[in-house]
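An overview of the molecular structure
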Amino acid sequence: MSAGISPAGRDPRLDAGGGLDVEAIRRDFPILQRRIGGKALVYLDSAATSQKPRVVIDTLVDYYERLNANVHRGAHTLAEEATEAYENARATVGRLVGVDPSQVVWTRSTTESLNLLAYAWARRHLRAGDVVLLTEMEHHSNIVPWQILAREVGARLQYVPFEPSGQLCQESFRTLLSERIRIFSVVHASNVLGTVNPVREMIAQVRQAAPDALCVVDGAQSVPHMPVDFEHLGCDFLAFSGHKLYGPMGAGVLVGRHQRLEEMEPFHGGGEMIESVSFEQTTFAAPPHRFEAGTPNVAGALGLAAAAEYLMSLGMDRVRRHSVELTDYALERLRELGGVTVYGPFRGELKSGLVTFVDRDVHAHDLAAYLDSLGVAIRAGHHCAQPLHKRLGIASSARASFGVYNTREEVDVLIEGIARARKLFGSRS
């Protein structure tokens, strides 16, 4: 039985209108019962890491209490059951984004997934003079690996700029298109601006200009918040992290097309990723196991699958609708408050469930520290996107990001906290 489903078949986490019953959902997340400094926890930092529902926590405990064994290696009962659960988890995560389990490679994170591509695909195929096309709103994880590789082979990095609206400049993008593009790697939703980029349309244009280009999508901030279908995107690879979609840390996913996976050399060498080994040579296993050397994070994979199942049981359309409505409400309240500069689109339907801003009177780090004293958790800093912040002309920003468990009342607490912080820090407003 799926988490939260009653014997009568009605899911209590859905309201009478078919939307999410957030109060019921909140009861699935034990940490939300915590108090910080005597105040109820208001967790608005899901873009950094989401909280975990009880079903995910129970899955981790169940693995270690009942199934703990190494996978693909033993003939005893525990090893067979652990292996079956591990591969079932791969299939579940595949269903979340509409792919066959053989296309799902387990990694530790989006970061490792992108590094795997840079090492295992691009190092074989990128040549001097080739272009790696990125955007100015990328996370460091989708910049640094390509910089390292480009320096090694003599490739060039180019960046699609974004407009004051927080959306990518499509005119500039078109001027950058050329047959020299070997890799196009783009964030689906910015972790700072929140912008949901038109990646399907952009990938189609890249393929017209450079049919053999590798097209990669960073889905870390999109997969948890909206329906994402791998085939619909039209990319070669999609990377995302478990801990941002209500799963455990240390478990990530790289989804790839079969042909592209076959083109890749292993990222690590060792046990499990081999077909045969002699003192003279090694032949490698077929994907995805070719890229999964060593003892895997079995518990993490099972927990990630439990989180994916949890989200699918809520319905990704409903999850998206809740995200848009809450983001719109937060933008409205910030507008009413005044005295803040909000970055990115000013419409929830164009964003992934976060608001990033700078207050005119209170530094982002001071604001985050003060809000913490009220039990409100937000993020302050450059959010692993220093080039983007430099482009905005700021060193840091404050970010409130939402999950399925957040409410309008929590947004009100945030706004009240900002107003109180201004008084404490001597605001003239």
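Refer to the preceding data block for the structure.
Right, let's walk through the structure included here.

Rules used in this analysis
Residues numbered from 1 in each chain as written. Predicted model: local features only at pLDDT ≥ 70, side-chain atom pairs only at ≥ 80, totals over all residues. Heavy atoms only, no water. Pairing = 2+ DSSP bridges. Helix = DSSP H or I, 4+ residues; strand = E, 2+ residues; numbered from the N terminus. Axes fitted to C-alpha atoms, helices over the stretch in contact; angles between N-to-C directions. Contact = heavy atoms within 4.5 Å. Salt bridge = Lys/Arg side-chain N within 4 Å of Asp/Glu carboxyl O. Buried < 20%, exposed > 50% of the residue type's maximum accessible area, 1.4 Å probe, protein only. Core = buried A, V, L, I, M, F, W, Y, C linked by side-chain atoms within 4.5 Å. Parallel < 35°, antiparallel > 145°, perpendicular 65-115°, else oblique. Left-handed = near helix turned anticlockwise from the far one by under 90°. Nonpolar A, V, L, I, M, F, W, Y, C, P; charged D, E, K, R; others polar. Expected span 1.5 Å × (residues − 1). Arc of directions from axis to C-beta. Phe/Tyr/Trp six-rings, centres within 6.5 Å; stacked < 30°, edge-to-face > 60°. Lys NZ or Arg CZ within 6 Å of the ring centre and 35° of its normal.

1. A closer look at the sheet that holds strand β14 (residues 354–359)
- Strand order in the open sheet formed by four strands is β13-β14-β17-β16, with antiparallel pairing between adjacent strands. At either margin of the open sheet sits one strand with a lone partner, and together these are β13 (340–343) and β16 (379–381). Direction aside, the axes of adjacent strands within the sheet are offset by 30 degrees on average.
- Against the sheet, helix α12 (residues 364–373) makes contact with β14, β16 and β17 (397–401), and its axis sits at roughly 155 degrees relative to β16, the strand it touches most.

2. Observations regarding the pattern of salt bridges
- What the rule picks out here adds up to 24 salt bridges.
- Asp130 is the partner of Arg180 in a salt bridge, and the nearest nitrogen-oxygen pair spans 3.4 Å. With a gap of 50 residues between them, Arg180 in the loop between α6 (170–176) and β7 (181–187) and Asp130 in the loop between α4 (110–125) and β5 (131–135) connect regions that are remote in the sequence.
- Judged by relative accessible area, Arg180 falls into the partly exposed class, the value being 38%.
- One salt bridge connects Glu336 with Arg333, and the closest N-O pair in it is separated by 3.0 Å. Highlighted residues: Glu336 and Arg333, both in helix α11 (residues 316–337), separated by three residues, approximately one helical turn.
- Look at the salt bridges and you will find they share partners, linking Arg207, Glu231, Asp236, Arg257, Arg260 and Glu263 into a network.

3. Quick look at the environment of Gln208
- Secondary-structure assignment places Gln208 in helix α7 (residues 199–209).
- With 49 residues separating them in the primary sequence, Gln208 and Arg257 have C-alpha atoms 19 Å apart.

4. Describing the pairing of strand β10 (residues 252–256)
- For β10, a buried count of five out of five residues is recorded, marking the element as mostly surrounded by other parts of the structure.
- Along β10, one buried face is formed by Gly252, Leu254 and Gly256 and the opposite face, lined by Val253 and Val255, is buried too.
- Relative to β10, strand β4 (residues 104–107) is paired through four bridges, and the arrangement is antiparallel. Paired with Val104 across the two strands is Val255, which belongs to β10.
- In terms of strand pairing, strand β9 (residues 237–241) meets β10 through five bridges, oriented antiparallel. Paired with Phe240 across the bridge in β10 is Val253.

5. Focus on the sheet that holds β7
- The strand order β4-β10-β9-β8-β7-β5-β6 describes an open sheet built from seven strands, whose pairing is mixed. Edge positions in the sheet fall to β4 and β6 (156–160), since each of these pairs with one other strand and no more. Strand-to-strand twist of the sheet, defined as the mean angle between neighbouring strand axes without regard to direction, takes the value 20 degrees.
- With five bridges joining them, β7 and strand β8 (residues 214–218) adopt parallel strand pairing. Looking at the pairing, Val187 lines up with Asp218 of β8.

6. Concerning the nonpolar core
- Ranked by size, the top nonpolar core spans 80 residues in total, and within it Phe184, Leu238, Phe240, Val255 and Val404 carry the most contacts.
- It is helix α10 (residues 298–314) that contributes the most residues to this core, 12 residues altogether.
- Residues contacting Phe240, with those up to four places away along its chain left out, are Val93, Val97, Ser109, Thr110, Gly219, Ala220, Val223, Leu245, Gly252, Val253 and Val255.
- Leu334, Leu367, Ile415 and Ile418 belong to the second largest nonpolar core, which has 29 residues in total.

7. What to know about the environment of Gln259
- Here Gln259 is to be found in helix α9 (residues 258–262).
- Residue classification places Gln259 among the exposed residues on the basis of a relative accessible area of 58%.
- For the pair Gln259 and Thr49, spaced 210 residues apart in the sequence, the C-alpha separation amounts to 32 Å.

8. A word on the packing of α11 against helix α14 (residues 408–424)
- In contact at an axis separation of 10 Å, α11 and α14 are set at 25 degrees when each is read in the N-to-C sense. Our classification of the angle between α11 and α14 gives roughly parallel. Note on packing geometry: the crossing formed by α11 with α14 is right-handed. Of the residues in α14, those in contact with Leu326, Tyr329, Ala330, Arg333, Leu334 and Leu337 of α11 are Arg408, Val411, Asp412, Ile415, Ile418, Ala419 and Arg422.
- Here the residues of the contact of α11 with α14 sort into nine nonpolar, no polar and four charged.

9. As for α14
- Between the first and last C-alpha of α14 there are 24 Å, a value that for 17 residues agrees with the 24 Å anticipated at 1.5 Å per step.
- Residues of α14 that are buried: Glu410, Val411, Leu414, Ile415, Gly417, Ile418, Ala421 and Arg422. Buried residues of α14 fall within an arc of 155 degrees about the axis and therefore sit on the same side. Exposed side chains of α14 directed beyond 90 degrees from the buried face belong to Glu409, Lys423 and Leu424.

10. Things to note about the packing of aromatic side chains
- This structure, assessed with the given rule, holds eight aromatic pairs.
- Each member of the aromatic cluster is reached from another via a ring pair, and the members are Phe29, Tyr246, Tyr310 and Tyr405.
- Residue placement shows Arg13 over the ring face of Tyr310; its charged tip is 4.9 Å from the ring centre.
- A cation sits over an aromatic face here: Arg391 above Phe162, 4.7 Å from the ring centre.

Remember, this is a structural readout, not a statement about activity or role.
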